[in-house]
Amino acid sequence: MVSFIVCIIALVIGFFVYGKFVEKVFGADDSIETPAVRLADGVDFVAMPEWKIFLIQFLNIAGLGPIFGAIAGAMWGPAAFLWIVFGCIFAGGVHDYFSGMLSVRHDGASIPEVVGMYLGNGFKQFMRVFSVVLLVLTGVVFVSGPAGLLNGLFKSVDKQVFLYIIFAYYLLATLVPIDKIIGKIYPLFGACLFIMCFGVGGAIILGGYDIPEIPSHLYNMHAKGLPLYPMLFITIACGAISGFHSTQSPLMARCISKESQGRRIFYGAMIAEGIIALVWAAASMSFFDGVEGLAKFMAENNSNASVVVNTICNSLLGKVGGALAILGVVACPITSGDTAFRSARLTIADSIKFSQGPIKNRLMISIPLFIVGFILTRINFDVVWRYFGWSNQTLATIVLWTAAMYLVHVKRAHWIASIPATFMTAVCTTYILIAPEGFKLSLSIGLPVGIIAAVAAITGFLTAAKRVSARQSAQM
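Residues numbered from 1 in each chain as written. Predicted model: local features only at pLDDT ≥ 70, side-chain atom pairs only at ≥ 80, totals over all residues. Heavy atoms only, no water.

Hey, could you run me through the overall build of the protein in this one?
For the protein, the count of helices and strands is 18 helices and 0 strands. Expressed along its principal axes, the backbone C-alpha trace of the protein runs to roughly 65 × 50 × 40 Å. Across the 476 residues that make up the protein, the buried fraction comes to 60%. Counting only contacts in the protein whose residues sit at least 6 apart along the sequence, the fraction spanning at least 24 positions is 84%. Working note: accessible area of the protein is about 17700 Å², and carbon and sulfur atoms make up 69% of it. (Helix = DSSP H or I, 4+ residues; strand = E, 2+ residues; numbered from the N terminus. Buried < 20%, exposed > 50% of the residue type's maximum accessible area, 1.4 Å probe, protein only. Contact = heavy atoms within 4.5 Å. Areas by Shrake-Rupley, 256 points an atom, 1.4 Å probe, with all protein chains shown as cover.)

Now the structure itself:
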């Protein structure tokens, strides 16, 4: 219990201390006119109140990851708490802040365009394809997941019906101006989400549940013996660092009216998501009488995290409270899924310079995306989720390197981005080498190769940084 509460406090302190430092390094300036004001179009560039933008950003990024990912990550024990806290403060918060604020500084550009400005045209072309693939995978994951949860809540309704309903909503939310649906219903979804978080978190604290402590349980507790590194760092993505967030931040970068709002909206939403991940990791470890009990329950239910969510919510909060909590959980992926497809539309439109003002132009891009997405829902959810996890963290790594190179260009401390970028390079390389969906090599091979890749990446970055500095000096 003590470790869990200390971790919550650490996240809050991280927002006020390190978040402020990151903002200072970036150099937020309210005298610069934002895209929402300068490029207002009534569709995607729409200035909105800060509290509403925060809620939308929070719900955009808080998909299934901080819930399903945290439940799966809890199988390794309290080490998950440390990854959530340190990952959130020093990697995820930095990633989200820079992906949002760099978009603000570049006319609300989608993340592939921003990457291209600092890492070159090759990376831009790669990111255009890679980010759209990730966004479609995200949309698929965030259709299947909530459909399963709703099916558990309303057993008389077939899961396929919920799939159709969610897809219909996604199509509508993707097409209409951002302030018409997303800007109006997200505060309601946000209320459900906070009921879920505070309800479940409060119940495990007040109920005296035995949450494993970090000092005495800081070892690999996974029942199948899966290596903690790098598996945990891919399994818990959205609660610590997630590349998907960088595809969502430009949506809100087109809506903020002052740069000083960025820390509260981008960095703050990441911290809030970390708290959700902590709550679900702690609830999963404690409700089933420890990590072993959680592993047994997951094995009995085919590793279906939605069953864990239903069981915990209904048991801790009763039928009514449980239903509200589950709706909060459902709101997470639905509000991320609709903006995933919206981001995919905008990314494609930006790359081909295709105006999204006329609705027929939006339909021309959206309909093929939804057809592909629907086809992918026929694939096993676990397979899609695994590929989503690695793709997600790889995208985050590229965005961190982009942020580091931007800081080199403006002659500021790049290490706040280059250090987590180096670490994530090692994680992603090692994972794809040893993972079942990767090359299936042994950890004894994957680990040193991952370290070599990280060293090569930071060496290449520092070499490029010297060239940039020398060029800047020559131009003075």
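Here the narrative resumes.
What should I look at first to understand helix α3 (residues 50–61) in this one?
Helical periodicity: at 3.6 residues per turn, an α-helix aligns residues three or four positions apart in one direction. For α3, with 12 residues, the first-to-last C-alpha span of 16 Å sits near the 16 Å given by 1.5 Å per residue. Counting buried residues in α3 gives 9 out of 12 residues, a clear majority hidden from the surface. Looking at α3, one finds that the buried residues are K52, I53, L55, I56, Q57, F58, L59, N60 and I61. (Expected span 1.5 Å × (residues − 1).)

What exactly am I supposed to notice about the packing of aromatic side chains here?
Any pair of aromatic rings gets described here by the distance separating the centres and the angle formed by the planes. In total, this model carries 24 aromatic pairs according to the counting rule given. The interplanar angle of 45 degrees and the centroid separation of 6.3 Å between the aromatic rings of F4 and F81 together place this pair among those described as tilted. Remark: F81 occurs in helix α5 (residues 79–105) and F4 occurs in helix α1 (residues 2–26); sequence separation between them is 77 residues. Taking the relative accessible area as the measure of exposure, F81 reaches 0% and is therefore buried. (Phe/Tyr/Trp six-rings, centres within 6.5 Å; stacked < 30°, edge-to-face > 60°.)

Got a minute to help me understand the packing of α5 against helix α17 (residues 415–434) in this structure?
Packed helices, taken two at a time, are described by the angle their axes make and the gap between the axes. Where α5 contacts α17, the axes come no closer than 10 Å and their chain directions differ by 120 degrees. As judged from the angle between their axes, α5 and α17 are oblique. Crossing of α5 against α17: the hand is left-handed. Where α5 approaches α17, its residues W83, F90, A91, V94 and F98 are matched on the opposing element by I416, A417, P420, F423 and M424. Each residue belonging to the contact of α5 with α17 can be placed in one class, and the counts come to 10 nonpolar, no polar and no charged. (Axes fitted to C-alpha atoms, helices over the stretch in contact; angles between N-to-C directions. Parallel < 35°, antiparallel > 145°, perpendicular 65-115°, else oblique. Left-handed = near helix turned anticlockwise from the far one by under 90°. Nonpolar A, V, L, I, M, F, W, Y, C, P; charged D, E, K, R; others polar.)

Looking at this structure, I do not really get a nonpolar patch on the surface. What am I missing?
On the surface, a cluster of nonpolar side chains totalling about 770 Å² of accessible area is made up of I5, I9, V12, I13, F16, V17, I205 and L206. It is α1 that provides the largest number of residues to the nonpolar patch, a total of 6 residues. Its place among the elements puts I5 in helix α1. (Patch = residues over 30% accessible without salt bridge, like charges linked within 9 Å, V, L, I, M, F, W, Y side chains within 5 Å. Salt bridge = Lys/Arg side-chain N within 4 Å of Asp/Glu carboxyl O.)

Got a minute to help me understand empty space enclosed by the protein in this structure?
Any space left empty among the atoms is revealed by the rolling of a water-sized probe across them. Per the counting criterion, the structure on display carries 2 cavities of 30 Å³ or more. In terms of lining, the largest cavity is formed by S110, I111, P112, L135, S246, T247, P250, L251, R254, S343, L346 and T347. Only α6 (111–119), α11 (244–253) and α14 (305–352) provide two or more residues apiece to the lining of the largest cavity. Looking at which element gives the most residues to the lining of the largest cavity, the answer is α11, with 4 residues. Here the residues of the lining of the largest cavity sort into 6 nonpolar, 5 polar and 1 charged. (1 Å grid on protein atoms, 1.4 Å probe; cavity = no way out; pocket = protein on both sides within 12 Å on 5 of 7 lines; lining within 4 Å. Points joined across faces, edges and corners; volume = space filled by probe spheres on them.)

How do you make sense of unusual backbone geometry when you look at a structure like this?
Most peptide bonds take the trans configuration, and most residues that are not glycine carry a negative phi. Following Y229, the chain continues into P230 via a peptide bond in cis, with omega recorded as 5 degrees. Mapped onto the elements, P230 comes out in helix α10 (residues 228–235). Phi at D107 takes a positive value of approximately 60 degrees, unusual for a residue other than glycine. Looking at where D107 falls in the secondary structure, it is placed in the loop between α5 and α6. According to the relative accessible area criterion, D107 is partly exposed, its value standing at 40%.

What am I meant to see in the environment of A91 here?
With respect to the helices, strands and loops of the structure, A91 is situated in helix α5. Here A91 falls in the buried class, since its relative accessible area comes to 6%. Between the C-alpha atoms of A91 and I241, which are 150 residues apart in sequence, the distance is 6.1 Å. Here A91 is in contact with F86, I241, L400 and P420, once residues within four sequence places are set aside.

How do you make sense of the nonpolar core when you look at a structure like this?
It is characteristic of soluble globular proteins that their nonpolar side chains tend to be buried jointly. F81, F98, Y170, L278, W280 and I312 are the most contacted members of the largest nonpolar core, which has 153 residues in total. Residue contributions to this core peak at 17 residues, all from helix α12 (residues 262–287). (Core = buried A, V, L, I, M, F, W, Y, C linked by side-chain atoms within 4.5 Å.)

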